[in-house]
Every structure is written in C-alpha cells, then in structure tokens.
Amino acid sequence: MQNKFKNYNFNLKTGELLKFSDICNENKYGDVEKIIETNLKKVEDTTSQTSKNENVNLASTLKDYDLNDFLLKNNSICFYTKNKSELSLLNKLEIPMRDLNKYINVNVLNNNTSFQKSQNIIEKAIPAPEPVIIPKQNAINKNQKMIALTFDDGPHPIYTQEILNALSAANGHATFFVVGNNASKYPKILKNIIAQGSQIGNHSLTHTQLTKLNANKINEEINGTRDIVYKATKTYPDIIRPPYGSVNQTVQSTTKQPLILWNIDTLDWKTRDKQKTINSVISNAKDGSIVLMHDLYPTSKDAAVSIIDILSKKGYQLVTISELFSTKNKELKPGMVYTGI
Ligand code: NI
C-alpha cells in the first residue's frame with residue numbers, strides 16, 4: 001500500500017481548521033471552481049498523451065479534488081485529488097495566484113496582521129503536518145504458527161473496542177461474528193473492526209437457530225446482517241457462524257457461504273470467569289486453531305486482552321479467519337463447515 005497524505009491548514013489565531021471557502025471572497029467559491037475546471041482542462045490537454053503512454057489515470061474533473069486539501073504557496077495554490085499517493089505526480093493541480101487574485105480574500109493575502117498569520121500558516125502549518133500514514137499490514141509469516149480468535153454475539157460498544165485496541169497493540173487481528181440486531185446499533189464499532197484490519201462475520205440477524213427455519217427465513221437472517229454490515233462499512237461479511245453452531249443440509253445449501261465453527265470452545269459465556277477462559281485457550285492452542293469467545297461479557301473481554309498478549313509472546317500470529325485459510329492455502333467453500341485447519 002502506498003502512503004497517503006492530506007494537507008491541513010489552520011488559522012493560527014483561532015486554531016480553527018481552514019476550509020478553502022474561508023479564504024474565498026463572499027460568493028466567489030463558484031468562480032474559483034470554474035477556474036479550477038479551466039485549469040484542469042489545460043492540464044488534461046497537455047498531459048493526455050503522457051498519461052496514455054504511461055497508462056495512468058488522470059484526475060480530470062472537479063469531483064476528483066478535495067478543495068479543502070490545499071496548499072498555499074507564494075505565487076500559487078495547489079489542490080489535491082481525493083485519492084492520492086505521494087508516489088503519483090498527477091495528484092495535484094497548481095493554479096497561479098494571478099488567476100485567483102480576484103476571488104481570494106485580500107485580508108488573508110495582504111500584508112497586514114492576518115496576512116502574517118496566513119504566512120505563518122504557509123511556513124509552519126503546512127510543512128508541519130505529517131502525511132497521514134495508513135499503517136501497512138505486516139505480512140503474515142506462513143512458517144510461523146497462527147491462531148484465529150473469534151468473538152460472537154457482539155458488537156459491544158466498549159468491550160469490542162477494547163479487544164480491538166489490544167489486537168492493535170499486538171499487531172494482530174481477529175474475527176467478530178456480529179448479530180445484525182446488535183450491529184445496527186453500533187455502526188462505528190463495525191467500521192473500527194474493519195479499519196483495525198480485523199474481519200466481520202455474519203452471526204445472523206436475531207441469533208435464531210437456523211436449523212429450525214426454512215430457506216426463506218434463513219435468507220432473511222443472513223441477508224439482514226449482510227445489509228447492516230454493508231451499510232456501515234461498505235464491505236459484505238462473507239463468512240457465517242450459524243448461531244449455536246447448528247448446521248443442517250438446508251442451512252448449508254441456502255447460505256452459500258463458508259460456515260465457520262471452532263475447535264477451542266472457551267465456554268466463556270457460561271463460566272464468566274476470566275482465568276478459566278484464559279486457561280482454556282492457552283492449554284489448547286495449536287497452530288491453526290479457531291477459538292470461540294464472546295465480546296459481550298467483561299470477563300471475556302478481560303480474558304481476551306490477556307490471551308492476545310500471552311499468545312503473541314508465545315509466538316502466535318493473531319489472524320482473521322480469511323487470513324488463516326488463505327495463508328495456509330486452504331480454500332473456503334460455500335456451504336462447507338470448517339472448525340480449524
Ligand atoms: Ni452466538
């Protein structure tokens with residue numbers, strides 16, 4: 001993954017983030033947009049041949065640009081595309097100040113107090129912000145043992161987040177099989193799961209035993225949660241953990257997704273005992289294990305935080321279900337049941 005960056009401009013007096021419209025004269029924002037479009041056309045004409053040759057996609061419409069992501073220079077203003085990387089030369093559009101003079105707030109640019117502030121912005125604020133680095137995922141080492149922790153029945157607004165924090169600290173991932181009715185209440189947690197590098201799986205909409213349902217109802221249970229997860233994260237969960245681990249032929253043929261069970265059952269929901277939960281994992285852990293836990297209980301959360309630490313120190317890589325199977329070159333097939341590697 002390439003590093004990404006974004007420019008932030010601040011009014012140093014108030015500490016407020018400057019939007020581009022803040023430095024435009026009243027009602028002139030639209031004029032500036034037109035100038036940007038004109039300049040884009042020019043750039044497009046002069047570089048279209050190059051871009052064709054080098055097979056690069058040139059951002060060519062105003063919509064490709066985030067006008068609040070700008071850099072003030074002495075004689076120009078640079079605007080940047082929304083999806084850019086520092087390796088691409090075609091992610092910025094530099095517009096000469098002479099084209100913009102009429103539309104820019106003279107109080108910001110004239111040599112008065114606020115100009116001084118503005119210069120400070122140029123000299124300090126702009127070079128200072130470090131690029132926002134999206135961390136690279138560490139590659140998984142095929143030859144090092146790995147384990148997939150899975151958490152059912154959540155998300156929980158506090159415990160799930162604490163488990164994510166512990167995973168991040170250990171540079172690990174896990175899989176969260178969410179119940180749709182719960183998940184719909186915490187879209188932010190769903191997003192955080194994905195952003196952390198962990199995986200979301202489908203644990204049905206209402207936590208009903210799917211083997212008691214007909215195909216239509218099974219579809220409602222599965223698709224309901226798929227839609228909720230997609231709405232929050234723009235990704236679909238593509239693995240299922242059937243509630244209670246109950247599977248039959250109808251479930252297998254209807255769901256059309258891999259059905260993921262486990263081979264280490266902590267019984268954390270039953271014992272509600274941190275130490276017992278820790279022991280059940282640590283004494284049974286093997287390369288390729290899938291561990292069943294629940295992120296709804298404080299004892300399970302506390303246990304998970306310890307387990308993450310202990311397993312990491314024992315040399316286990318903490319991986320998602322998808323990472324586990326892909327690293328081990330095992331295909332996950334629709335309707336098939338898996339309990340581990
Ligand atoms: Ni469950």
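Preceding this section is the structure that the text describes.
If you're wondering where the values come from, they're calculated on a predicted model, not measured in any experiment. (Residues numbered from 1 in each chain as written. Predicted model: local features only at pLDDT ≥ 70, side-chain atom pairs only at ≥ 80, totals over all residues. Heavy atoms only, no water.)

A.B. asks: Give a detailed account of the overall build of the chain, specifying residues and quantitative values.
C.D. replies: Looking only at helices and strands, the chain features 13 helices and 11 strands. Of all intrachain contacts in the chain linking residues separated by at least 6 positions in sequence, the fraction that spans at least 24 positions is 70%. Within the structure as shown, the chain displays about 17700 Å² of accessible surface, and the carbon and sulfur contribution to it stands at 49%. (Helix = DSSP H or I, 4+ residues; strand = E, 2+ residues; numbered from the N terminus. Contact = heavy atoms within 4.5 Å. Areas by Shrake-Rupley, 256 points an atom, 1.4 Å probe, with all protein chains shown as cover.)

A.B. asks: I'd like a description of a positive patch on the surface, backed by residues and values.
C.D. replies: On the surface, K188, K191, K231 and K234 cluster together into a patch of positive charge. By relative accessible area, which is 55% here, K188 ends up exposed. (Patch = residues over 30% accessible without salt bridge, like charges linked within 9 Å, V, L, I, M, F, W, Y side chains within 5 Å. Salt bridge = Lys/Arg side-chain N within 4 Å of Asp/Glu carboxyl O. Lys, Arg positive; Asp, Glu negative; His and termini not counted. Charge placed at Lys NZ, Arg CZ, Asp CG, Glu CD. Buried < 20%, exposed > 50% of the residue type's maximum accessible area, 1.4 Å probe, protein only.)

A.B. asks: How would you sum up the coordination of the nickel ion? Please name residues and give values.
C.D. replies: Around the nickel ion, the protein contributes the donor atoms D153 (OD), H203 (NE2) and H207 (NE2), at 2.1 Å from the metal centre. Motif for the nickel ion, donor spacing along one chain: D-x49-H-x3-H. (Donors = N, O, S within 2.8 Å, 3.2 Å for Na, K, Ca; no water.)

A.B. asks: Account for the nonpolar core, with residues named and values stated.
C.D. replies: Of all hydrophobic cores here, the largest spans 31 residues; its most connected members are L149, F151, L167, F176, I307 and L311. Put simply, the parts of the chain that give this core at least two residues each are β4 (146–152), α5 (159–169), β5 (175–178), α7 (187–196), α8 (215–233), α11 (274–282), β9 (290–294) and α12 (298–313). Here the element with the most residues in this core is α12; it accounts for 5 residues. Those residues in contact with L167, other than ones at most four positions away along the chain, are G172, H173, A174, F176, Q196, S198, I308 and L318. (Core = buried A, V, L, I, M, F, W, Y, C linked by side-chain atoms within 4.5 Å.)

A.B. asks: For α5, give the residues involved together with the corresponding values.
C.D. replies: Residues spaced three or four apart along an α-helix point in a common direction, a consequence of the helix completing one turn every 3.6 residues. Residues of α5 that are buried: Y159, T160, I163, L164, A166 and L167. Angularly, the buried residues of α5 cover 160° about the axis, an arc narrow enough to put them on a single face. Along its buried surface, α5 packs onto β4, β5, α7, α12 and β10 (317–318). N171, located one to two residues past α5, shows a positive phi value of around 60°. (Arc of directions from axis to C-beta.)

A.B. asks: Report on the packing of aromatic side chains, specifying residues and quantitative values.
C.D. replies: On inspection of all chains with the given rule, the structure shows 3 aromatic pairs. On the numbers, 5.2 Å between centres and 20° between planes, the contact of F151 with F176 is stacked. With F151 in strand β4 and F176 in strand β5, the pair connects residues that are 25 residues apart, well separated along the chain. Assigned by exposure class, F151 and F176 land together as buried. Geometrically, the ring pair formed by Y230 and Y236 is stacked, given 4.3 Å between the ring centres and 20° between the ring planes. With relative accessibility at 42%, the residue Y236 sits in the partly exposed group. (Phe/Tyr/Trp six-rings, centres within 6.5 Å; stacked < 30°, edge-to-face > 60°.)

A.B. asks: Give me the side chain of T160: which residues, what numbers.
C.D. replies: Note on placement: T160 falls in helix α5. For T160, a relative accessible area of 0% corresponds to the buried category. Every residue in contact with T160, bar those within four places of it in the chain, is listed here: P155, F176, I189, I193 and D295.

A.B. asks: For the packing of α5 against α7, give the residues involved together with the corresponding values.
C.D. replies: At a minimum axis distance of 10 Å, the contact between α5 and α7 shows a crossing angle of 10°. In terms of orientation, α5 lies roughly parallel with respect to α7. Residue-level inspection shows T160, Q161, L164, L167 and S168 of α5 in contact with α7, the latter providing I189, N192, I193 and Q196. Split into classes, the residues belonging to the contact of α5 with α7 amount to 4 nonpolar, 5 polar and no charged. (Axes fitted to C-alpha atoms, helices over the stretch in contact; angles between N-to-C directions. Parallel < 35°, antiparallel > 145°, perpendicular 65-115°, else oblique. Nonpolar A, V, L, I, M, F, W, Y, C, P; charged D, E, K, R; others polar.)

A.B. asks: Account for the environment of T233, naming residues and giving values.
C.D. replies: Locating T233 in the fold gives a position in helix α8. Spatially, the C-alpha atom of T233 lies 6.6 Å from that of L190, the residues being 43 residues apart in sequence. Beyond its immediate sequence surroundings of up to four residues, T233 is in contact with L190, K191, I194 and I200.

A.B. asks: Please give an account of the sheet that holds strand β1 (residues 65–72) that cites residues and values.
C.D. replies: Read across the sheet, 3 strands follow the order β1-β2-β3 without closing on themselves; strand pairing throughout is antiparallel. The two strands at the open ends of the sheet, each matched to only one other strand, are β1 and β3 (92–96). Going from strand to strand, the sheet's axes swing by 30° on average, the running direction of each strand aside. (Pairing = 2+ DSSP bridges.)

A.B. asks: A description of α11 should follow, citing residues and the corresponding values.
C.D. replies: By the burial criterion, the buried members of α11 are T277, I278, S280 and V281. The buried residues of α11 occupy an angular sector of 165° when projected down its axis, which confines them to one face. Packed against the buried residues of α11 are β8 (264–265), α10 (268–271), β9 and α12. Two or three places before Q275, at the opening of α11, D273 has a side-chain oxygen 3.0 Å from that residue's backbone nitrogen. (Polar contact = N/O pair within 3.5 Å; in protein donor to acceptor, adjacent residues only side chain to side chain.)

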